[in-house]
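# Descriptive analysis of the structure
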Amino acid sequence: MDRRPFDTGRSPVSAPAIGICRLPHGADLPLPAYATQGAAGADIRAALTEALTLAPGTRALVPTGLSFEIPAGYEVQVRPRSGLAAKHGVTILNTPGTIDSDYRGEVKIILVNLSEEPFTVARGDRIAQIVIAPVVQAEFGERQSLAVSDRGEGGFGSTGTG
Ligand SMILES: O=c1ccn([C@H]2C[C@H](O)[C@@H](COP(=O)(O)OP(=O)(O)OP(=O)(O)O)O2)c(=O)[nH]1
Ligand SMILES: [Mg+2]
(Lines give C-alpha, C1' and ligand atoms only; values in the text may rest on other atoms or scores of the structure.)
(Ligands and ions follow the chains in the order given, each with its own letter.)
Protein backbone atom coordinates (compact mmCIF):
# COMPACT_ATOMS: atom_id res chain seq x y z
CA MET A 1 0.00 0.00 0.00
CA ASP A 2 1.27 3.45 -0.86
CA ARG A 3 1.93 5.30 2.40
CA ARG A 4 3.61 8.39 1.07
CA PRO A 5 2.72 11.50 3.07
CA PHE A 6 0.01 13.78 1.81
CA ASP A 7 1.16 15.47 -1.37
CA THR A 8 2.03 19.01 -0.41
CA GLY A 9 2.49 20.09 -4.00
CA ARG A 10 0.35 22.68 -5.68
CA SER A 11 -3.33 22.01 -6.30
CA PRO A 12 -3.97 20.57 -9.77
CA VAL A 13 -6.75 23.14 -10.14
CA SER A 14 -5.64 26.75 -10.46
CA ALA A 15 -6.70 28.82 -7.46
CA PRO A 16 -9.29 31.50 -8.20
CA ALA A 17 -8.31 34.87 -6.77
CA ILE A 18 -10.80 36.36 -4.32
CA GLY A 19 -10.42 40.01 -3.44
CA ILE A 20 -11.14 40.72 0.22
CA CYS A 21 -11.88 43.98 2.01
CA ARG A 22 -11.58 44.04 5.77
CA LEU A 23 -14.20 46.43 7.04
CA PRO A 24 -13.30 48.83 9.87
CA HIS A 25 -14.87 46.68 12.59
CA GLY A 26 -12.82 43.66 11.44
CA ALA A 27 -9.60 45.38 10.45
CA ASP A 28 -7.53 43.68 13.15
CA LEU A 29 -8.88 40.16 12.59
CA PRO A 30 -7.01 37.60 10.48
CA LEU A 31 -8.01 37.06 6.87
CA PRO A 32 -9.81 33.79 6.01
CA ALA A 33 -7.28 30.99 6.20
CA TYR A 34 -7.04 27.30 5.41
CA ALA A 35 -6.14 25.50 8.65
CA THR A 36 -4.28 22.73 6.80
CA GLN A 37 -2.71 22.22 3.40
CA GLY A 38 -5.62 20.15 2.14
CA ALA A 39 -8.49 22.02 3.78
CA ALA A 40 -11.50 22.58 1.54
CA GLY A 41 -12.82 25.40 3.69
CA ALA A 42 -11.12 28.53 4.99
CA ASP A 43 -12.21 29.54 8.48
CA ILE A 44 -13.78 32.92 9.03
CA ARG A 45 -14.28 34.77 12.28
CA ALA A 46 -16.86 36.74 14.22
CA ALA A 47 -16.27 40.49 13.95
CA LEU A 48 -18.46 41.22 16.96
CA THR A 49 -17.68 44.31 18.99
CA GLU A 50 -18.78 42.50 22.14
CA ALA A 51 -19.45 38.86 22.96
CA LEU A 52 -22.84 37.55 21.92
CA THR A 53 -24.74 34.87 23.82
CA LEU A 54 -27.15 32.74 21.86
CA ALA A 55 -29.90 31.44 24.11
CA PRO A 56 -31.09 27.88 23.40
CA GLY A 57 -33.15 27.74 20.22
CA THR A 58 -32.24 31.24 19.07
CA ARG A 59 -30.32 32.61 16.10
CA ALA A 60 -28.28 35.70 15.31
CA LEU A 61 -26.80 37.38 12.26
CA VAL A 62 -23.09 37.52 13.06
CA PRO A 63 -20.83 39.97 11.19
CA THR A 64 -17.54 38.76 9.73
CA GLY A 65 -16.05 42.16 8.90
CA LEU A 66 -15.33 40.89 5.39
CA SER A 67 -16.58 41.65 1.90
CA PHE A 68 -15.50 39.72 -1.16
CA GLU A 69 -14.92 40.20 -4.86
CA ILE A 70 -15.56 36.71 -6.22
CA PRO A 71 -14.64 36.02 -9.85
CA ALA A 72 -17.51 35.46 -12.30
CA GLY A 73 -18.33 31.77 -12.57
CA TYR A 74 -17.75 31.09 -8.87
CA GLU A 75 -19.72 31.27 -5.65
CA VAL A 76 -18.64 31.16 -2.04
CA GLN A 77 -20.51 28.72 0.17
CA VAL A 78 -20.72 29.41 3.88
CA ARG A 79 -20.70 26.17 5.80
CA PRO A 80 -20.85 25.23 9.49
CA ARG A 81 -17.86 23.96 11.46
CA SER A 82 -18.45 20.41 12.62
CA GLY A 83 -16.74 21.04 15.96
CA LEU A 84 -19.27 23.72 16.91
CA ALA A 85 -22.11 21.49 15.77
CA ALA A 86 -20.93 18.32 17.52
CA LYS A 87 -19.76 19.92 20.78
CA HIS A 88 -22.24 22.76 21.16
CA GLY A 89 -25.20 22.17 18.82
CA VAL A 90 -24.37 25.40 17.01
CA THR A 91 -24.76 25.47 13.25
CA ILE A 92 -25.70 27.76 10.37
CA LEU A 93 -29.41 28.08 9.78
CA ASN A 94 -29.29 28.51 6.00
CA THR A 95 -26.40 26.18 5.30
CA PRO A 96 -24.84 26.26 2.84
CA GLY A 97 -25.17 30.01 2.66
CA THR A 98 -24.64 31.40 -0.82
CA ILE A 99 -22.41 34.39 -1.46
CA ASP A 100 -23.08 35.61 -4.99
CA SER A 101 -20.13 36.77 -7.08
CA ASP A 102 -21.75 40.20 -7.46
CA TYR A 103 -22.37 40.71 -3.72
CA ARG A 104 -20.19 43.47 -2.30
CA GLY A 105 -21.77 43.77 1.13
CA GLU A 106 -20.48 42.33 4.37
CA VAL A 107 -20.65 38.56 4.65
CA LYS A 108 -22.78 37.64 7.66
CA ILE A 109 -23.39 34.28 9.25
CA ILE A 110 -26.79 33.15 10.52
CA LEU A 111 -25.77 31.12 13.55
CA VAL A 112 -28.37 29.07 15.40
CA ASN A 113 -28.06 27.37 18.75
CA LEU A 114 -29.92 24.06 18.58
CA SER A 115 -28.67 22.93 22.01
CA GLU A 116 -30.30 23.36 25.39
CA GLU A 117 -27.43 25.45 26.75
CA PRO A 118 -26.58 29.09 26.03
CA PHE A 119 -23.60 29.50 23.68
CA THR A 120 -21.34 32.54 23.70
CA VAL A 121 -19.50 33.76 20.58
CA ALA A 122 -16.53 36.04 21.25
CA ARG A 123 -14.88 38.47 18.87
CA GLY A 124 -12.41 36.60 16.67
CA ASP A 125 -13.95 33.15 17.16
CA ARG A 126 -13.90 30.97 14.05
CA ILE A 127 -17.61 30.54 13.42
CA ALA A 128 -17.84 29.20 9.87
CA GLN A 129 -15.84 28.08 6.88
CA ILE A 130 -16.03 29.27 3.30
CA VAL A 131 -15.71 27.00 0.30
CA ILE A 132 -15.32 28.42 -3.20
CA ALA A 133 -17.06 26.48 -5.93
CA PRO A 134 -17.63 26.90 -9.65
CA VAL A 135 -21.19 27.59 -10.71
CA VAL A 136 -22.97 27.64 -14.03
CA GLN A 137 -26.15 29.50 -14.80
CA ALA A 138 -28.92 27.59 -16.58
CA GLU A 139 -30.93 28.67 -19.56
CA PHE A 140 -34.49 28.08 -18.41
CA GLY A 141 -36.74 26.98 -21.25
CA GLU A 142 -40.46 26.37 -20.79
CA ARG A 143 -41.87 23.20 -22.44
CA GLN A 144 -45.37 21.78 -22.87
CA SER A 145 -44.16 18.35 -21.72
CA LEU A 146 -40.96 16.73 -20.50
CA ALA A 147 -38.97 13.75 -21.81
CA VAL A 148 -40.06 10.38 -20.38
CA SER A 149 -37.74 8.93 -17.71
CA ASP A 150 -37.47 5.75 -15.60
CA ARG A 151 -38.23 7.64 -12.41
CA GLY A 152 -41.10 9.61 -13.78
CA GLU A 153 -42.89 11.42 -10.98
CA GLY A 154 -41.68 9.09 -8.21
CA GLY A 155 -39.79 10.76 -5.41
CA PHE A 156 -39.71 11.34 -1.67
CA GLY A 157 -38.85 7.72 -0.81
CA SER A 158 -40.47 6.04 -3.84
CA THR A 159 -37.50 3.67 -4.26
CA GLY A 160 -37.90 2.29 -0.73
CA THR A 161 -35.71 2.41 2.35
CA GLY A 162 -33.55 -0.75 2.27
O1 LIG B 1 -25.24 33.23 4.78
C2 LIG B 1 -25.28 34.19 4.00
C3 LIG B 1 -26.09 34.19 2.86
C4 LIG B 1 -26.11 35.32 2.05
N5 LIG B 1 -25.34 36.40 2.35
C6 LIG B 1 -25.32 37.56 1.46
C7 LIG B 1 -24.50 37.26 0.21
C8 LIG B 1 -25.50 36.91 -0.81
O9 LIG B 1 -25.01 37.19 -2.12
C10 LIG B 1 -26.68 37.76 -0.40
C11 LIG B 1 -28.01 37.20 -0.80
O12 LIG B 1 -28.13 35.91 -0.28
P13 LIG B 1 -29.38 34.99 -0.67
O14 LIG B 1 -29.61 35.02 -2.14
O15 LIG B 1 -29.17 33.67 -0.01
O16 LIG B 1 -30.54 35.71 0.13
P17 LIG B 1 -31.96 36.23 -0.35
O18 LIG B 1 -32.86 36.11 0.81
O19 LIG B 1 -32.36 35.57 -1.64
O20 LIG B 1 -31.65 37.78 -0.55
P21 LIG B 1 -31.51 38.61 -1.92
O22 LIG B 1 -32.90 38.95 -2.30
O23 LIG B 1 -30.66 39.78 -1.53
O24 LIG B 1 -30.81 37.74 -2.94
O25 LIG B 1 -26.63 37.83 1.02
C26 LIG B 1 -24.52 36.40 3.47
O27 LIG B 1 -23.81 37.36 3.77
N28 LIG B 1 -24.54 35.31 4.28
MG1 LIG C 1 -31.17 35.68 -3.41
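Starting afresh in each chain, residues are numbered from 1 along the sequence in its written order. Working convention: letters from A go to chains and numbers from 1 go to ligands, in the order in which they are written. For this predicted model, a pLDDT threshold of at least 70 governs which residues receive local features, and a threshold of 80 or more governs which side-chain atom pairs are given and counted, while totals over whole chains, interfaces and linings are taken from all residues. Side-chain metrics rest on all non-hydrogen atoms present in the structure, leaving aside hydrogens and water.

The condition that has to hold: UniProt positions are given in the numbering used here, feature names are shortened, and annotations may be inferred rather than shown by experiment.
As annotated in an unreviewed UniProt entry, the chain carries the name Deoxyuridine 5'-triphosphate nucleotidohydrolase and is attributed to Aurantimonas marianensis. The heading Cofactor (unreviewed entry) in the UniProt record of the chain holds the text "Mg(2+)". In its Pathway (unreviewed entry) section, UniProt records this for the chain: "Pyrimidine metabolism; dUMP biosynthesis; dUMP from dCTP (dUTP route): step 2/2."

## Looking at the side chain of Thr64
Stated formally: Secondary structure elements follow DSSP: runs of H or I of four or more residues count as helices, runs of E of two or more count as strands, with numbering from the N terminus. Under this definition, polar contacts are N or O atom pairs within 3.5 Å; protein pairs additionally need one hydrogen-donor-capable and one acceptor-capable atom, and for neighbouring residues in sequence, both atoms have to be side-chain atoms. Contact criterion: two residues are considered in contact whenever any of their non-hydrogen atoms come within 4.5 Å of each other.
Its place among the elements puts Thr64 in the loop between strand 5 (59-63) and strand 6 (66-69). Within the structure, the side chain of Thr64 is placed 3.2 Å from the backbone nitrogen of Leu66, a separation counted as a polar contact. There is a polar contact of 2.6 Å between the side chain of Thr64 and the backbone oxygen of Val107. Setting aside residues no more than four positions away along its own chain, Thr64 makes contact with Ile44, Arg45, Ala47, Glu106, Val107 and Ile109.

## Concerning the site of ligand 1
The line we're drawing: One heavy atom within 4 Å of a molecule or strand makes the whole residue count as near it. Only the protein chains shown count as cover for residues, with accessible areas throughout obtained via the Shrake-Rupley method and a probe of 1.4 Å.
Ligand 1 sits among Asn94, Gly97, Thr98, Ile99, Asp100, Tyr103, Glu106, Val107 and Lys108. Between ligand 1 and Asp100 there is a distance of 2.5 Å, counted from an oxygen atom to a side-chain nitrogen or oxygen. Between ligand 1 and Lys108 there is a distance of 2.7 Å, counted from a nitrogen atom to a backbone nitrogen or oxygen. Within the complex, the protein chains bury 49% of what would otherwise be the 570 Å² of accessible surface of ligand 1. The greatest single-element share of the shell around ligand 1, amounting to three residues, is contributed by strand 9 (residues 97-99).

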